[in-house]
Amino acid sequence: MNNDKAIRKALQSTESPRLSADFNSRLMAEVYRAVERKKKREYVLGICLISGASLALIGLAVYVFLTYIPWNFTFELPKFPKVHLSSESKSMYAFSFYIAFLSLILIGLDYWIRRKWMMKKMK
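Residues numbered from 1 in each chain as written. Predicted model: local features only at pLDDT ≥ 70, side-chain atom pairs only at ≥ 80, totals over all residues. Heavy atoms only, no water.

Caption draft 1: Spatial organisation of the overall build of the chain. What the chain contains, in helices and strands, is three helices and zero strands. Listing each helix as α and each strand as β along the chain from the N terminus yields α-α-α. Taking 123 residues into account, the globule formula puts the C-alpha radius of gyration at 14 Å, and the chain, at 40 Å, lies well above it. Projected onto its principal axes, the C-alpha coordinates of the chain cover approximately 120 × 65 × 30 Å. Expressed as a percentage of its 123 residues, the buried residues of the chain come to 0%. If you sum the accessible surface of the chain, you get close to 13000 Å²; carbon and sulfur atoms cover 68% of it. Each charge class in the chain can be summarised by its mean position, and for the 20 positive and 9 negative side chains these summaries are 10 Å apart. (Helix = DSSP H or I, 4+ residues; strand = E, 2+ residues; numbered from the N terminus. Rg over C-alpha atoms; globule rule 2.2 N^0.38 Å. Buried < 20%, exposed > 50% of the residue type's maximum accessible area, 1.4 Å probe, protein only. Areas by Shrake-Rupley, 256 points an atom, 1.4 Å probe, with all protein chains shown as cover. Lys, Arg positive; Asp, Glu negative; His and termini not counted. Charge placed at Lys NZ, Arg CZ, Asp CG, Glu CD.)

Right under this line is the structure:
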């Protein structure tokens, strides 16, 4: 027990070094600078990675164009095939227009019913 008192007395008698008055503000400023440096480093690294990936894609596109696409600079207007309408194709077109018209009617009814239901739900 005397030993404990002696240790306490020795610790109390030694003076701890005093911190300067602006220690906290300098320490926090350093912490903020470190955080800003980290954010800036991440931003620059992200820009570099995006730029590298973009350049790689551009290089790949140039390689594919130069390697696999023939460079024939003659320009010809496309020649459209002549369309011959037979009675069979006319009935097919009529059926297609009928189905499209029914689809439009059903979509319109769906919209109208949903709008009425939402108005009723909001009241």
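Caption draft 2: A look at the packing of aromatic side chains. By the definition in use, this model includes one aromatic pair. Plain terms: the ring middles of Y63 and Y68 are 6.5 Å apart, the flat faces sit at 90 degrees to each other, and that makes the pair edge-to-face. When its relative accessible area of 48% is taken as the criterion, Y63 is described as partly exposed. The class for Y68 is exposed, based on a relative accessible area of 60%. (Phe/Tyr/Trp six-rings, centres within 6.5 Å; stacked < 30°, edge-to-face > 60°.)

Caption draft 3: The arrangement of the pattern of salt bridges in detail. All told, the structure shown has four salt bridges when counted by the stated rule. Residue R26 pairs with D22 through a salt bridge whose shortest N-O separation is 3.4 Å. Take D22: its relative accessible area is 38%, and that puts it in the partly exposed class. The partner of R33 in a salt bridge is E30, and the shortest N-O contact between them spans 2.6 Å. With a gap of three residues between them, R33 and E30 both fall in helix α2 (residues 23-68), about one helical turn apart. (Salt bridge = Lys/Arg side-chain N within 4 Å of Asp/Glu carboxyl O.)

Caption draft 4: Just the confidence of the model for the chain, in detail. Per-residue pLDDT for the chain has a mean of 87; in total, 98% of the residues score no lower than 70. At the level of individual helices and strands, the chain shows its lowest average pLDDT in helix α1 (residues 2-13), which scores 75, and its highest in α2, which scores 94. (pLDDT = per-residue confidence, 0-100.)

Caption draft 5: Representation of the environment of L77. Considering the arrangement of structural elements, one finds L77 in the loop between α2 and α3 (87-122). L77 gets classed as exposed once you look at its relative accessible area, which sits at 64%. In this structure, the C-alpha to C-alpha distance between L77 and S87, residues 10 residues apart in sequence, is 31 Å.

Caption draft 6: The arrangement of the environment of M28 in detail. As for its position among the elements, M28 is in helix α2. By relative accessible area, M28 is classed as partly exposed at 40%. Linking M28 and I47, residues 19 residues apart in sequence, is a C-alpha distance of 29 Å.

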